[in-house]
Amino acid sequence: MEIFVQQVVSGLATGGIYGSVALALVMIYQATDVVNFAQGEMAMFSTYLAWSMLNAGVPYWAAFFATLAVAFVGGLLIERVVIRPVENAPVLTVVIVCIGLLVIFNSVAGWLYSYIQKPFPSPFPEKPFKIGDVFFGAHDLGALGVTLLVLLFLYVFFRYTTLGLAMRAAAQNPVSSRLCGIRVGWMLALGWGFAALVGAVAGMMIAPIVFLDPNMMSGILIYAFASATLGGFTSPGGAVLGGLIVGVVENLVGTYVRFIGTELKLTVALAMILIVLLVRPSGLFGRATVHRV
Amino acid sequence: MSRAQGWRRAIAPATIAIACALPFLLSNFRLFQFTQVGIYAIALLGLNILTGYNGQISLGHGAFYALGAYTTAIMIDKWNVAYGWTIPVAGLLCLAVGFLFGIPALRLEGLYLALATFALALAVPQILKYFEHWTGGSQGIVLSKPDPPRGLGLSPDQWLYFVTLGVVVVLFVLGANLLRGRTGRAIVAIRDNPIAAQAMGVNGALYKSLTFGVSAAYTGVAGALSALAIAFVAPDAFNVFLSITFLVGIVIGGLASISGAIFGALFIQFVPNWAQEISKAAPWAIYGIFLIVFMYVMPRGIAGSLRLAWTRLARVGGTGRTG
């Protein structure tokens, strides 16, 4: 029983991380209908910026918020400069541009900072604490808390502010939104900015666990895709919950099903997603799209 | 027949003639690279039939490539089957598996299909390592290059190149015929408007899963040839980036275009090498810039841009003669 609870807890911790990257993916998808393959690398790059600042002696939280600001502006600029020229091209063209961004970020990070792993500090205390017989890592809980906080912030932003409403409108019906005086192009850029910001938070929460290196996000991005697919690409809450489910199931299956062990963990997580998709083609919490005939 | 059409008809034979001359002009290494181009071209045509013509996005064709490669490798290594027979077997096996995978894929659309197939591509290296008894685990399987028939005086590399070229020609002709006829129209109609296609009596589900199967078969044959050409298969060669590279290839080459598969194959084979030559420090950054610039300049791929240029030229030529 203790092992079970322990596995669930550590599954929730990694799941929270998958969920936070999935959240960033869903943000961009909702705002612009594009799946951003460069999301993970953008987060990785922001984390390196934070590392540079910390190395220069900037206190943690100052560096944290400065990185968020830089990531936001960076995301905005990427949309304006790189994505905008292909805005009206076929979807796959945009996907290829995103893949281009992915390899650029990865390569430039490796070039500037080398491929050697670097430790990244956590803002939370190191000592794990114990409730009953179960250990909780302080960073794990802290990271999960930060993810939920970001989710809450996004929910409030999209639900209760005029800007949030305008962004949702622009994504849902660009033409009518423009007629109402919403600057649709800028709303898309803002969407990228926010997604970059959420990604940066995720990167800085992940780096203390997996260490900082240019390839740190490739594995996590894959789980993030899985989480977003499971939860449904149209639902931010679903993406986070999807992440938690993937994290927990992956851990439990790896522990309890003997012939699977750690070797086929990923395969099982993916098979699970396929099965969910076959029953609910737009994810657990996604809205089914209805086509007009 | 106008002069423009006459020129157009000459393109395919001229390409084949140049391709036949290459083995006698190039070094063995360069020739191996062109063998690889031929193999990629088959895989890209397969993916293009599915994604370009039928509109089903797959990020998992690396899985079928792997299946084809391992079919060939296991048949040669375990059962001593002659290599020539392994290629059609790999194709048929992938046809069956692709068809079966296409049935559940019917329920998924666009992005969700892309991500489901992506999951397939991801799982491949792990699964291959798991069935160690058959696949040799992470060590992979080492093969020997097929010997050229005696009396032709060809080196193994040259022979392999001609085998590949032969398969390319056969599969491209078959593909072009498939897409030009009634089946091809049905495939495209499903992409453009599934409901209207159904209303006109096209069996959407059957065609979609069949297209999936045919597409997988092409990619499987390409995989089988690659196992012969490289004479080695290992799980990590079939990672996710292979599938992504295929997608890059068809979009750069030109979606829904047969010649696009060849342009795309040239791109994915040679551009990474050029990037390496330009900058040793950050070759992939250069590659990424190439990708983005290509998409800015030719949002519909190389074949799409050529088609556009061709129509403009033909129009200019036409008005010149009548006026």
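Heads up: the structure comes first, above all this text.
Along each chain, numbering runs from 1 in the same order as the chain's sequence is written. As a convention, the first chain written is A and the first ligand written is 1, with the rest following in written order. With pLDDT at 70 or above as the cut-off, local features in this predicted model cover only qualifying residues; side-chain atom pairs require 80 or more to be listed or tallied, and sums for whole chains, interfaces and linings still use all residues. Neither water nor hydrogens contribute to the side-chain values; these are computed over all heavy atoms in the structure.

Novice: Would you mind going over the overall build of chain B with me for this structure?
Specialist: Across its full length, chain B holds 14 helices and two strands. The globule rule puts the C-alpha radius of gyration for 323 residues at 20 Å, and the 20 Å found for chain B is close to it. Seen along its three principal axes, the alpha-carbon backbone of chain B occupies a region of about 70 × 50 × 45 Å. Looking at chain B residue by residue over its 323 residues, the buried ones come to 50%. Under the convention used here, a 1.4 Å probe and the Shrake-Rupley method define accessible areas, while residue burial counts only the protein chains that appear. Of the roughly 15,100 Å² that chain B leaves accessible, carbon and sulfur atoms contribute 67%. Of the side chains in chain B, 20 bear a positive and 8 a negative charge, and the two mean positions are spaced by 19 Å. Put simply, DSSP H or I for four residues or longer makes a helix, DSSP E for two residues or longer makes a strand, and each gets a number counted from the N terminus. Just to be clear, the radius of gyration here is over C-alpha atoms, and the globule rule we use is 2.2 Å times residues to the power 0.38. Each residue is assigned to one of three classes by its accessible area relative to the maximum for its type, calculated with a 1.4 Å probe on protein chains only: buried under 20%, partly exposed between the two thresholds, exposed over 50%. In this count, Lys and Arg are taken as positive residues and Asp and Glu as negative ones, while His and the chain termini are left out. Note on charges: their place is set at NZ of Lys, CZ of Arg, CG of Asp or CD of Glu.

Novice: Explain the packing of aromatic side chains to me, please; I cannot follow it from the model alone.
Specialist: For any pair of aromatic rings, geometry is given as the distance between the ring centres together with the angle between the planes. Any two of the Phe, Tyr and Trp rings considered here, Trp counted by its six-membered ring, make a pair once their centres fall within 6.5 Å; the pair's planes then place it as stacked at under 30 degrees, edge-to-face at over 60, or tilted in between. Scanning the model with the defined rule gives 31 aromatic pairs over all chains in all. Consider the rings of Y29(A) and F233(A), whose centres lie 5.2 Å apart with planes at 70°: the pair is edge-to-face. A residue pair is termed long-range when its members are at least 10 positions apart, and Y29(A) in helix α1 (residues 2-32) and F233(A) in the loop between α9 (216-231) and α10 (236-256) qualify at 204 residues. Like Y29(A), the residue F233(A) is buried in the burial classification. Ring geometry for F24(B) and F162(B): centres 6.2 Å apart, planes at 40°, overall tilted.

Novice: What is the right way to look at the packing of helix α3 (residues 61-79) of chain B against helix α10 (residues 204-230) of chain B in this model?
Specialist: For any two helices packed against each other, the geometry comes down to the angle between their axes and how far apart the axes lie. Residues and elements named next belong to chain B. Running from N to C, α3 and α10 cross one another at 50°; their axes reach a closest spacing of 7 Å. One element, α3, and the other, α10, form an angle in the oblique class. Between α3 and α10 the crossing geometry is right-handed. Between α3 and α10, the contacting residues are H61, F64, Y65, G68, A69, T72 and I76 on the first element and F212, S215, A216, T219, G220, A222, G223, A224, S226, A227 and L228 on the second. Here the contact of α3 with α10 is composed, by residue class, of ten nonpolar, eight polar and no charged. Orientation is described by axes fitted as lines to C-alpha atoms, over the contacting stretch for helices, and by angles from 0 to 180 degrees between their N-to-C directions. What sets the label is the angle itself: under 35 degrees gives roughly parallel, over 145 gives roughly antiparallel, 65 to 115 gives roughly perpendicular, and the rest give oblique. Left-handed is the label given to a crossing in which the near helix is rotated counterclockwise from the far helix by less than a right angle, and right-handed is the label when the rotation is clockwise. Residue contacts are defined here by distance: any two heavy atoms, one from each residue, within 4.5 Å place the two residues in contact. When residues are sorted by character, Ala, Val, Leu, Ile, Met, Phe, Trp, Tyr, Cys and Pro go into the nonpolar class, Asp, Glu, Lys and Arg into the charged class, and all the rest, Gly among them, into the polar class.

Novice: Can you help me understand the side chain of T71(B) in this one?
Specialist: Structurally, the position occupied by T71(B) is in helix α3. With relative accessibility at 10%, the residue T71(B) sits in the buried group.

Novice: What exactly am I supposed to notice about the nonpolar core here?
Specialist: When a protein is soluble and globular, its nonpolar side chains tend to lie buried together. Grouped together as the largest cluster of nonpolar side chains are 188 residues, with contacts concentrated most on F233(A), F238(B) and V248(B). The element contributing the most residues to this core is helix α8 (residues 184-210) of chain A, with 17 residues. Discounting residues that sit within four places of it in the chain, F238(B) has contacts with G62(B), Y65(B), A66(B), A69(B), Y70(B), A121(B), V124(B), P125(B), L128(B) and V233(B). Here, nonpolar core means buried Ala, Val, Leu, Ile, Met, Phe, Trp, Tyr and Cys residues that are tied together by side-chain atoms lying within 4.5 Å of each other. With five residues, the next largest nonpolar core counts A19(B), L31(B), Y161(B) and L165(B) among its residues.

Novice: Would you mind showing me how to read the packing of helix α2 (residues 39-55) of chain A against helix α3 (residues 60-83) of chain A here?
Specialist: Residues and elements named next belong to chain A. The contact between α2 and α3 brings their axes to 9 Å, and the two run at 140°. Put simply, α2 runs oblique to α3. Seen from above, α2 lies across α3 with right-handed handedness. Residues M42, S46, L49, A50, M53 and L54 of α2 form the contact with α3, whose participating residues are Y60, A63, A66, T67, V70, A71 and I78. By residue class, the composition of the contact of α2 with α3 is eleven nonpolar, two polar and no charged.

Novice: Is there a simple way to think about the environment of L106(B) in this case?
Specialist: Tracing the backbone through its elements, the reader meets L106(B) in the loop between α4 (83-105) and α5 (110-130). Aside from chain neighbours lying at most four places away, what touches L106(B) is A205(B), K208(B) and S209(B).

Novice: What should I look at first to understand the pattern of salt bridges in this one?
Specialist: Between side chains of opposite charge, pairing is possible as soon as their charged atoms come close. Should a side-chain nitrogen of Lys or Arg be within 4 Å of a carboxyl oxygen of Asp or Glu, the pair is scored as a salt bridge. Per the stated rule, a full pass over the model turns up four salt bridges over all chains. With a shortest N-O distance of 3.4 Å, E79(A) and R80(A) are connected by a salt bridge. For R80(A), a relative accessible area of 21% puts it in the partly exposed group. Between K129(B) and D236(B) there is a salt bridge; the shortest N-O distance is 3.2 Å. On the criterion of sequence distance, the pair formed by K129(B) in helix α5 and D236(B) in the loop between β2 (232-233) and α11 (240-253) is long-range, its members being 107 residues apart.

Novice: Would you explain a nonpolar patch on the surface in this entry?
Specialist: All names here are of chain A. Taken together, L149, L152, Y155, V156 and Y160 make up a surface patch of nonpolar side chains, about 570 Å² in accessible area. Structurally, the position occupied by L152 is in helix α5 (residues 138-160). Residue classification places L152 among the exposed positions, given a relative accessible area of 52%. The patches reported here contain residues having more than 30% relative accessible area and no salt bridge. Joining distances are 9 Å for like charges and 5 Å for nonpolar side chains (Val, Leu, Ile, Met, Phe, Trp, Tyr).

Novice: Help me understand the interface of chain A and chain B in this model?
Specialist: In many reports, interface size means the accessible area that the parts give up when they come together. Listed as interface residues are 45 residues of chain A and, on the opposing side, 38 residues of chain B. The term buried area denotes the loss of accessible surface (1.4 Å probe radius) that occurs when two parts are joined, taken as the sum for both partners. Between chain A and chain B lies a buried interface of about 3,600 Å² when both sides are counted; carbon and sulfur atoms form 79% of it. The largest per-residue losses of area from chain A upon contact with chain B belong to L92(A), I96(A) and L278(A), which jointly make up 17% of the total buried on that side. We call two N or O atoms a polar contact when they sit within 3.5 Å, provided that within protein one can donate a hydrogen and the other can accept it, with sequence-adjacent residues counted only if both atoms are side-chain atoms. The tally of links between chain A and chain B comes to four residue pairs in polar contact (both at pLDDT 80 or more). At the level of elements, α3, α4 (91-113), α9 and α11 (265-279) of chain A are the ones that each hand at least two residues to the side of chain A that touches chain B. Among the elements that make up the side of chain A that touches chain B, the one with the highest residue count is α4(A) (13 residues). In terms of residue class, the side of chain A that touches chain B is made up of 33 nonpolar, ten polar and two charged.

Novice: Even after reading the chapter, I still don't get α4(A), so can you show me in this structure?
Specialist: Side chains that are three or four residues apart share a direction in an α-helix, a result of its 3.6 residues per turn. Residue and element names in this part refer to chain A. Given the number of residues in a helix, its expected span is that number minus one, multiplied by 1.5 Å. Its 23 residues give α4 an end-to-end C-alpha distance of 33 Å, which sits within 8% of 33 Å, the value for a rise of 1.5 Å per residue. Taken across its 23 residues, α4 has 20 buried, putting it largely inside the fold. One or two steps after α4, the chain reaches S114, where phi turns positive at roughly 70°.

Novice: Whenever I open this one, the environment of L241(A) confuses me. Can you help?
Specialist: Topologically, L241(A) is positioned in helix α10. Placed 44 residues apart in sequence, L241(A) and F285(A) show a C-alpha to C-alpha distance of 9.5 Å.

Novice: Please explain the environment of I250(B) as it appears in this structure.
Specialist: Inspection of the secondary structure assignment puts I250(B) in helix α11. Residues I250(B) and N48(B) lie 202 residues apart in sequence; the distance between their C-alpha atoms is 6.2 Å.

Novice: Please explain the side chain of Q158(B) as it appears in this structure.
Specialist: All names here are of chain B. Here Q158 is to be found in helix α7 (residues 156-180). A relative accessible area of 14% means that Q158 is categorised as buried. Polar contacts involving the side chain of Q158 include one to the main-chain carbonyl oxygen of P23, which spans 3.1 Å. Excluding residues that lie within four positions of it along the chain, Q158 makes contacts with P23, F24, L31 and G153.

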